[in-house]
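# Understanding the architecture of this molecule
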Amino acid sequence: MTASEKTHTLDFLPGGAPGPGEADRVGTVVATHWGEPPYLVLAKNVSLRKGWEAVSARWPPDLSSTVDALRDLTDSVGRDSR
């Protein structure tokens, strides 16, 4: 996905989004520019499974659309953390 003409990746922390048959975890969804700071916190204290499902259902092309996809999961979306 893109923001400010840079490509970002999503990380579901800790440990990534749970796979089929794995237990769900509560964590944080962040966007990075290839794993480098700064980290943009998109959602925290959320079900990582529900976060993955919300993102993968839409495959948003940019950060603002990703924040929209995660908005129903938390009140803590779109806050910058460095």
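What comes next concerns the included structure.

## Here's the deal with the pattern of salt bridges
Inspection of every chain in the model, using the stated rule, returns one salt bridge. Of the charged contacts in the structure, one is a salt bridge between Arg71 and Asp68, with a shortest N-O distance of 3.2 Å. When its relative accessible area of 43% is taken as the criterion, Arg71 is described as partly exposed. Asp68 gets classed as partly exposed once you look at its relative accessible area, which sits at 41%.

## A short note on the environment of Trp59
Tracing the sequence through the fold places Trp59 in the loop between α1 (48-58) and α2 (63-70). Given a relative accessible area of 57%, Trp59 falls into the exposed group. Once the C-alpha coordinates of Trp59 and Ala69 are considered, the two residues, ten residues apart in sequence, prove to be 9.1 Å apart. In this structure the side chain of Trp59 is engaged in a polar contact, spanning 3.0 Å, whose partner is the backbone oxygen of Ser56.

## A word on the pairing of strand β4 (residues 26-33)
Judged from the five bridges that link them, strand β3 (residues 9-13) and β4 form a sheet pairing that is antiparallel. The residue bridging Leu10 from the neighbouring strand is Ala31, located in β4. Sheet topology places β4 next to strand β5 (residues 36-47); seven bridges connect them, and they run antiparallel. Among the inter-strand pairings, Thr28 is bridged to a residue of β5, identified as Lys44.

## Here we look at α2
Among the residues of α2, those classed as buried are Leu63, Thr66, Val67, Ala69 and Leu70. Along the axis of α2, the buried residues cluster in a sector spanning 160 degrees; they form a single face.

About the thresholds
Residues numbered from 1 in each chain as written. Predicted model: local features only at pLDDT ≥ 70, side-chain atom pairs only at ≥ 80, totals over all residues. Heavy atoms only, no water. Salt bridge = Lys/Arg side-chain N within 4 Å of Asp/Glu carboxyl O. Buried < 20%, exposed > 50% of the residue type's maximum accessible area, 1.4 Å probe, protein only. Helix = DSSP H or I, 4+ residues; strand = E, 2+ residues; numbered from the N terminus. Polar contact = N/O pair within 3.5 Å; in protein donor to acceptor, adjacent residues only side chain to side chain. Pairing = 2+ DSSP bridges. Arc of directions from axis to C-beta.

Treat this as a map of the structure, not an account of what it does.
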